[in-house]
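Geometric and topological summary
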Amino acid sequence: MKKYKLVTILFLLSLLVSIFLSNSIVNAQNAISLSITPPIFEVMIKPGKEVRQVFSIENLGGDTILTPKVVYFVPSDENGNVDLTENLAPDWVMYDKNPFAIKSTEKIDVSLVISPPEDTSETDHFLTLVFETEKPTDLLEDNSSFYKTQIGSNILLTISKDGNPKKSAEITTFKAPIIIDSLSNINYSLVLQNNGNSFWKPTGKIIVQGINLNSTLTLAPLNILSGYSRKIPCINNEELIDCKVTKKPLIGIYKANLEFRMDESAEIKKTEVTTFAFPFSLIAISLLLILLILKLKKYLTKKR
Amino acid sequence: MLKRKVLVLSLILVFGALIYRFILPSKKTHSASFTGAKATLSNSRFSYKAGVATGTSGTSVVTIDASGNADNNTNHLFPKDTICGANIEESGCVGNTSYVVSSIINTTSFNTSTALTTTLETNGYVVATQSGNLTLDFTTATEVPIGGTLLITIPAIKSGTGNANDGIPDTAATTAANGFDLKGLVAGDVSVSDITGCTSAGWGSATVTLGDGTSTNHTVSFTRSSATCAASKAITVTFTNNRFINPAPITGHTQGQADSYQINIKTRDGGTNTLDNSDVGVSPVEGVLISATVDEVLSLTVAQIQTDSGSYCGVTRTASSPDSTATAIPWGTLSPTYLAATHNAQQQLTVSTNASAGYSVYIEENDQMGKDGVACTGNGGESVNCIQDTVCGGTPCSESSAQDWGADPSSYVGLGYSLANVTGTDATFLYSAGTFTAKQIADIAASETRQSIMYKATPADAASIYVCYRIDITATQPAGYYYNKVRYTAVPIF
């Protein structure tokens, strides 16, 4: 009899445990949650050589099936956004193209081998390794929108025979207001164009000097892809900020010298813009006050 | 007779004792040790000194010799160290230029943050100087009289090459032959603490004698010019202005083990007799680079919304609201009479990334909603058995331009979506610009460009938005099963 009671209690306990466990599994399966590492991969390779990179995909949602593919992307704007194309990577970008099942909380490493043949031309290839969830099956035939989720890692690939691809920069825009009110901040806008064969990052600064100013703004080292231009903000403690001098100018000429290198190349590109600051608003307010005082004086005189 | 013998013996003993006490000891002073004597280096890291193998002007890669020098690998060279390419004479840096280490390539090569402006001498040295200050603490056991001295002896290299004060770290085969380089040490860099019974003024200024590099050590001495320095006085001697250039490891050194050097402190009377004397040790050792790698990662979560309450993009959910899943929004059987509760559904997107340039999430649809998946040519619509993308209002919205769809969308039927921030401000537009400011989903079949719905140009920590879908049809919409496929794509900003 005692044995029977014990078995019953154990059964009930295990039932409770299984209920709780099954609940948590259901919750995990309610979402699609994918992580990819690394999200960006920059590599330079000589034709005839081979490089292997492992990308890890982790599933923190429910069990699913993922299909990998590597497609070309093109910059969709001057801010680093991408537009994925349907053009697949060349066949010397090798990976297992077969869909694979990934369970909840599972992490799978996917190897990508880049092995450009000897005769590959020295150009950049801008690719995205994309993992796409499987198409959901509709059983109810309800009016529906079905959702697929993709997560991708960008691959910036430079092919170079000597490891020194041609790098060329053009300052498309470097401007600041020509005349500015003394109560305003001087804002600089910078767009750089890459006319070379390889992407690069600008390393440099904007030095602003004037009667009461001696400020240095550091350029954000963002990738500028070959054949494209990009707006370059400034950076402060790893945070992207507008290239703006926080201290307000007084009066006079404020010169801003832009200096940058392409990556760590020796060549320094330079240009300069000038802003004239004048206290328009202060003068306007002063004039207004004077007028008001004169009017008031006139009014009071008349009244007497 | 016996008494006399005892008296004579006693006198001999007394005289003997007096002679011993007052005459013989005068030839050697009684010497004691300081108590609590210690030496503290503000920077105990070895200087780095390796032989140059290659380092060509215009490049940023430097390769060192793998043997025969104080350092024969890059284990003790760290990113951000400042290096100098010393010439073989150790008379300065080649090109008078220093460089900063940007990264360590392997055990014999490293990168500099800027290209070398001058080719390094192949018989020269790669030097990363570690310098700092020295503090000596000790308590006198014996009073130092006026005219007495405090003498500090610091080990200097005795290699015979005269490099003890050239500003380049020194190395030798043994610690006995090696030492600290004190280039630039002057009297003003050394001070003695000011305490009652042993004032600093009483010591006067230091006399610095630098080692000759061949046989002598560095010495620093002070002379009591006024007032004595009493016994039991805790004294601190401080060397400032980072004049102490630590030695490089001795050749044959085992990395991780300190090389010990003895600094001698002594006080003397007015002559050369030692009063107190102690050796204190300092032990430079390799620095330890504590590093950890945090992988860059991009995460996207698409979550269902199935609650029966709450406001999403200004629309209140009820029990009759469609329950989305992560992979579908089942609208069910659509009524041509628009009701906020039944014609709106939502999903929640959450993104995290530590990628420095941030991320973007895009949305697209393969086509407009077609009956049984039929292709929706042109603008879609009922005539081609499609539920078209909404135009939102009199001024039409598009996949790239948002317009207010209003509280009652009956005049502008179709499918559209809006956005609301949950955490962060990453939504690219907001429903709250109007009553329900919306866009069309970019239709890939119509060659529209997929649109960003979440964007941030910096790392994001669980940034989250609601994507709020709305649908409406007319009473003349042909009956049938309509569907399309929507795709979210999360990619980093390059």
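Residues numbered from 1 in each chain as written. Chains lettered and ligands numbered in written order. Predicted model: local features only at pLDDT ≥ 70, side-chain atom pairs only at ≥ 80, totals over all residues. Heavy atoms only, no water.

This part takes up the overall build of chain B. Assigned secondary structure in chain B consists of 2 helices and 29 strands. Split into buried and exposed, the 494 residues of chain B put 46% on the buried side. Of all intrachain contacts in chain B linking residues separated by at least 6 positions in sequence, the fraction that spans at least 24 positions is 72%. Working note: accessible area of chain B is about 21,000 Å², and carbon and sulfur atoms make up 53% of it. (Helix = DSSP H or I, 4+ residues; strand = E, 2+ residues; numbered from the N terminus. Buried < 20%, exposed > 50% of the residue type's maximum accessible area, 1.4 Å probe, protein only. Contact = heavy atoms within 4.5 Å. Areas by Shrake-Rupley, 256 points an atom, 1.4 Å probe, with all protein chains shown as cover.)

Here the focus is the overall build of chain A. A count of helices and strands for chain A gives 2 helices and 21 strands. Here chain A, with 304 residues, has 43% of them falling under the buried criterion.

Right, let's get into the state of the cysteines. Residue and element names in this part refer to chain A. Inspection of the entire model under this criterion finds 6 disulfides over all chains. Cys234 shares a disulfide with Cys243; S-S distance 2.1 Å. A torsion of 105 degrees about the S-S bond marks the disulfide between Cys234 and Cys243 as right-handed. The exposure class assigned to Cys234 is buried, which follows from its relative accessible area of 1%. Using a relative accessible area of 3% as the deciding quantity, one classes Cys243 as buried. (Disulfide = S-S within 2.5 Å.)

Within the open sheet, the 8 strands sit side by side as β6(A)-β8(A)-β3(A)-β1(A)-β16(B)-β20(B)-β28(B)-β25(B). Their pairing is antiparallel. Single-partner strands in this sheet number two, and they are β6 (93-94) of chain A together with β25 (414-423) of chain B. Bridge analysis of strand β3 (residues 51-59) of chain A against strand β8 (residues 107-114) of chain A gives 8 bridges, and the strand direction is antiparallel. Within β8(A), the residue paired with Val51(A) across the bridge is Ile114(A). (Pairing = 2+ DSSP bridges.)

As a further point, take the confidence of the model for chain B. All names here are of chain B. Per-residue confidence for chain B gives a mean pLDDT of 89, with 93% of residues at or over 70. The low-confidence segment residues 20-29, where pLDDT is below 50, has 8 contacts with residues more than four positions distant or belonging to other chains. Scoring the predicted complex yields pTM 0.62 and, for the interface, ipTM 0.76. (pLDDT = per-residue confidence, 0-100.)

Moving on, we get to the nonpolar core. Among the nonpolar cores identified, the biggest contains 62 residues, and Ile57(A), Leu349(B), Val361(B), Ile453(B), Tyr469(B) and Tyr488(B) are the most heavily contacted of them. Per-element accounting of this core gives the leading share, 6 residues, to strand β28 (residues 460-472) of chain B. Counting 32 residues, the second-largest nonpolar core is a separate cluster that includes Ala39(B), Leu182(B), Trp203(B) and Val280(B). (Core = buried A, V, L, I, M, F, W, Y, C linked by side-chain atoms within 4.5 Å.)

Bringing the sheet that holds strand β15 (residues 274-282) of chain B into the picture now. Note on sheets: strands pair through backbone hydrogen bonds, and any given pair is parallel or antiparallel. Residues and elements named next belong to chain B. Sheet architecture is open: 5 strands sit in the order β11-β12-β9-β14-β15, paired in antiparallel fashion. Looking at which strands have only one partner, the edges of the open sheet turn out to be β11 (207-209) and β15. If you compare each strand with its neighbour and ignore which way they point, the axes differ by 15 degrees on average. (Axes fitted to C-alpha atoms, helices over the stretch in contact; angles between N-to-C directions.)

Now for the packing of aromatic side chains. Per the stated rule, a full pass over the model turns up 20 aromatic pairs over all chains. Their ring planes at 75 degrees and their centres at 5.3 Å tell us that Phe239(B) and Phe244(B) sit as a pair that is edge-to-face. By relative accessible area, Phe239(B) is classed as buried at 0%. An aromatic cluster of at least three residues, connected via ring pairs, comprises Tyr147(A), Tyr417(B), Phe429(B), Tyr469(B) and Tyr488(B). Lys97(A) extends its terminal NZ or CZ atom over the ring of Tyr95(A), reaching a point 4.6 Å from the ring centre. (Phe/Tyr/Trp six-rings, centres within 6.5 Å; stacked < 30°, edge-to-face > 60°. Lys NZ or Arg CZ within 6 Å of the ring centre and 35° of its normal.)

This next bit is on the pattern of salt bridges. Under the defined criterion, the tally for this structure stands at 12 salt bridges over all chains. In this structure, Arg487(B) and Glu364(B) form a salt bridge, with 3.3 Å as the shortest nitrogen-oxygen distance. Of this pair, Arg487(B) sits in strand β29 (residues 482-492) while Glu364(B) is found in strand β21 (residues 359-365), placing the two residues 123 residues apart along the sequence. Here the two residues Arg487(B) and Glu364(B) agree in accessibility, since each one is buried. A single salt-bridge network, built from bridges that share partners, covers Asp83(A), Glu132(A), Lys148(A), Glu364(B), Arg450(B) and Arg487(B). (Salt bridge = Lys/Arg side-chain N within 4 Å of Asp/Glu carboxyl O.)

A word on unusual backbone geometry. A negative phi angle characterises most non-glycine residues, just as the trans form characterises most peptide bonds. The amide bond that connects Thr37(A) to the next residue, Pro38(A), takes the cis arrangement and shows omega of -10 degrees. Here Thr105(A), not a glycine, exhibits a phi torsion of approximately 70 degrees, which is positive. Along the polypeptide, Thr105(A) turns up in the loop between β7 (100-102) and β8. The backbone of Cys313(B) shows a phi angle near 55 degrees, a positive value even though the residue is not glycine. Cys313(B) sits in the buried class, given a relative accessible area of 3%.

Here the focus is the side chain of Ser229(A). All names here are of chain A. Residue position: Ser229 is located in strand β16 (residues 229-231). Owing to a relative accessible area of 17%, Ser229 belongs among the buried residues under this scheme. There is a polar contact of 2.8 Å between the side chain of Ser229 and the side chain of Glu78. (Polar contact = N/O pair within 3.5 Å; in protein donor to acceptor, adjacent residues only side chain to side chain.)

What follows deals with the pairing of strand β20 (residues 252-262) of chain A. All names here are of chain A. Inspection of the sheet shows strand β14 (residues 202-209) paired to β20 by 8 bridges, in the antiparallel sense. Note that in β20 the partner of Pro202 across the bridge is Met262. Of the strand pairs in this sheet, β20 and strand β21 (residues 269-278) are connected by 9 bridges, and their pairing is antiparallel. When the sheet's bridge partners are listed, Tyr254 is paired in β21 with Thr275. Here β20 folds back onto β21, and the loop between the two strands holds 6 residues, one of which, Asp263, carries a positive phi near 55 degrees.

Interface extent is often summarised as the accessible area lost during association of the parts. Counting residues at the interface gives 47 residues for chain A, matched by 51 residues for chain B. Of the roughly 4,300 Å² buried between chain A and chain B on both sides combined, carbon and sulfur atoms contribute 52%. It is Asn143(A), Phe146(A) and Tyr147(A) in chain A that bury the most area against chain B; as a group they hold 19% of the surface buried on that side. At the junction of chain A and chain B, the tally comes to 2 salt bridges. Between Arg450(B) and Asp83(A) there is a salt bridge; the shortest N-O distance is 3.0 Å. (Buried area = accessible area lost by both parts, 1.4 Å probe.)

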